[in-house]
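Structural overview for review
Below are the chains, spelled out letter by letter.
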Amino acid sequence: MTNPAVQTIKRGGSRFYVHPETNAKVPGVTSITGNLPKPFLQYWGQKLVAEEAVDNLGSITQLMVAGKRDAAIDMLKRAPQRSTGNAAQTGTDVHELVETLNAGEDPGQIHPDLQPWIDRYRQFLSDWQPEFIEAEATAFNYDDKWAGTLDGICKIGGESIIFDLKTGRGVYDEVSLQLTAYANATCLVDPDGKERALPEIEGGAVLHLRPDHYELIPVRIGDDIYRVFQSLIHITEWDSEIKNGVLGAPQKLGEN
């Protein structure tokens, strides 16, 4: 995702949106859905660390021989971060180019590494002829106190679709929580604080973009899914605020 137009801050590893008029700080949709348990990530991380150890055994051995045990450990434990960091940067770069194209602007010269991704996106535009209503808009929900930046709302085949662009290896179920949240926004808010009504949403979809192909995948959105999202809001509140200070100082015998 590109940087939101509305100001955001990081707090305790989560992103919070700052309302341009009230300065109210509310958690972002991505941070909220990030609290969903993802047990598969544990095994993925373990696999990357094991691969790092096998593929770079010589470098690790050199560090150990040189007495740099902590450096060797750091090299191994950061393997998952290096992998996600590279993928995240590619995703950000692709999102920025797509945003430029959606605005009807010329992205100019495209890096050769990104050209295949943009070729596939242009193929999507040609195949489906989407009519964009909103792109990279900031959504707020004042009742449940959250905000987020949706990738787009467009008409495809006469139907108003809220969609998300994914550039990773796979598409996961939780994208339904993300799109359902945006479909329940109170309004869209511009950087100057001006509010706009959320366009009618008739369905959801993910555009899964890869350098060699693309897929347009329907995504169900609904009230039952939004209730799950609301439960994750409470977990976010616990993690970012409520848990701080729930444990008091240890008491000694004889003290009240």
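All values derive from a computational prediction rather than experimental measurement.

Before going further, it helps to spend a moment on the sheet that holds strand E3 (residues 25-27). The strands that make up a sheet are held in pairs by hydrogen bonds between backbone atoms, and each pair lies either parallel or antiparallel. One open sheet accounts for three strands, arranged E1-E2-E3; its pairing is antiparallel. In the strand order of this sheet, the two ends are held by strand E1 (8-11) and E3, each with one partner. With direction set aside, neighbouring strand axes in the sheet form an average angle of 35 degrees.

Glancing now at the sheet that holds strand E6 (residues 159-166). If you walk across this open sheet you meet the seven strands as E8-E7-E4-E5-E6-E9-E10, and the pairing is mixed. Only two strands of the sheet have a single neighbouring strand rather than two, namely strand E8 (195-196) and strand E10 (213-219). Sheet topology note: the strand E9 (residues 203-210)/E10 ladder contains seven bridges and is antiparallel. Within E10, the position partnered with Gly-204 by the bridge is Val-219.

This paragraph deals with the nonpolar core. Within the largest apolar cluster, 22 residues are counted, with the highest numbers of intra-cluster contacts made by Ala-139, Trp-146, Leu-150, Tyr-182 and Phe-229. When neighbours within four sequence positions are excluded, Ala-139 is seen to be in contact with Trp-146, Ala-147, Gly-148, Leu-150, Tyr-182, Ala-185, Cys-187 and Leu-188. Core analysis: the second largest hydrophobic core is formed by 19 residues, Val-94, Cys-154, Ile-161 and Leu-207 among them.

Once that is clear, we can look at empty space enclosed by the protein. Within the structure shown, the criterion is met by two cavities of 30 Å³ or more. Each pocket or cavity is described by its volume, and for the largest cavity that value is around 60 Å³. In terms of lining, the largest cavity is formed by His-95, Val-98, Glu-99, Asn-102, Tyr-121, Ala-135, Glu-136, Asp-151, Phe-163 and Leu-165. The dominant element in the lining of the largest cavity, judged by the number of residues it contributes, is helix H5 (residues 79-102), at four residues. Counted by class, the lining of the largest cavity contains five nonpolar, two polar and three charged residues. Here the second largest cavity defines a volume of roughly 40 Å³. Taken together, Phe-124, Pro-130, Phe-132, Cys-154, Ile-156, Ile-161, Phe-163 and Leu-216 make up the full set of residues lining the second largest cavity. Listed by contribution, the elements that provide at least two residues to the lining of the second largest cavity are strand E5 (146-156) and E6.

This part is about the pairing of E5. Consecutive side chains along a regular strand alternate between the two faces of the sheet. Among the 11 residues that make up E5, 10 are buried, leaving the element largely enclosed by the rest of the structure. Across nine bridges, the pairing between strand E4 (residues 131-141) and E5 is antiparallel. Within E5, the position partnered with Ala-139 by the bridge is Gly-148. Taken together, the five bridges between E5 and E6 define a ladder with antiparallel strand orientation. In the sheet register, Lys-155 faces E6, and the bridge partner there is Ser-160. Linkage of E5 to E6, two consecutive antiparallel strands, is achieved through a turn of two residues, within which Gly-157 is found at a positive phi near 60 degrees.

This part is about helix H8 (residues 223-242). Compared with the 28 Å implied by 1.5 Å per residue over 20 residues, the 27 Å span of H8 between its first and last C-alpha is a close match. The secondary structure elements touched by the buried residues of H8 are strand E2 (14-18), E3, helix H1 (29-33), E4, E5 and helix H7 (175-183).

Mapped onto the elements, Gln-109 comes out in the loop between H5 and helix H6 (115-128). By relative accessible area, Gln-109 is classed as exposed at 81%. Separated by 11 residues in sequence, Gln-109 and Val-98 have C-alpha atoms that sit 13 Å apart.

This part covers the pattern of salt bridges. Any two side chains of opposite charge can pair if their charged atoms end up close together. In this structure the tally under the stated criterion is five salt bridges. Note that Glu-134 and Arg-196 form a salt bridge whose closest N and O atoms lie 2.3 Å from each other. Of this pair, Glu-134 sits in strand E4 while Arg-196 sits in strand E8, and the two are 62 residues apart along the sequence. The class for Glu-134 is buried, based on a relative accessible area of 13%. Here Arg-196 falls in the partly exposed class, since its relative accessible area comes to 25%. With its nearest N and O atoms 3.0 Å apart, the salt bridge here joins Asp-190 to Arg-196.

Thresholds applied
- Residues numbered from 1 in each chain as written.
- Predicted model: local features only at pLDDT ≥ 70, side-chain atom pairs only at ≥ 80, totals over all residues.
- Heavy atoms only, no water.
- Pairing = 2+ DSSP bridges.
- Helix = DSSP H or I, 4+ residues; strand = E, 2+ residues; numbered from the N terminus.
- Axes fitted to C-alpha atoms, helices over the stretch in contact; angles between N-to-C directions.
- Core = buried A, V, L, I, M, F, W, Y, C linked by side-chain atoms within 4.5 Å.
- Buried < 20%, exposed > 50% of the residue type's maximum accessible area, 1.4 Å probe, protein only.
- Contact = heavy atoms within 4.5 Å.
- 1 Å grid on protein atoms, 1.4 Å probe; cavity = no way out; pocket = protein on both sides within 12 Å on 5 of 7 lines; lining within 4 Å.
- Points joined across faces, edges and corners; volume = space filled by probe spheres on them.
- Nonpolar A, V, L, I, M, F, W, Y, C, P; charged D, E, K, R; others polar.
- Expected span 1.5 Å × (residues − 1).
- Salt bridge = Lys/Arg side-chain N within 4 Å of Asp/Glu carboxyl O.

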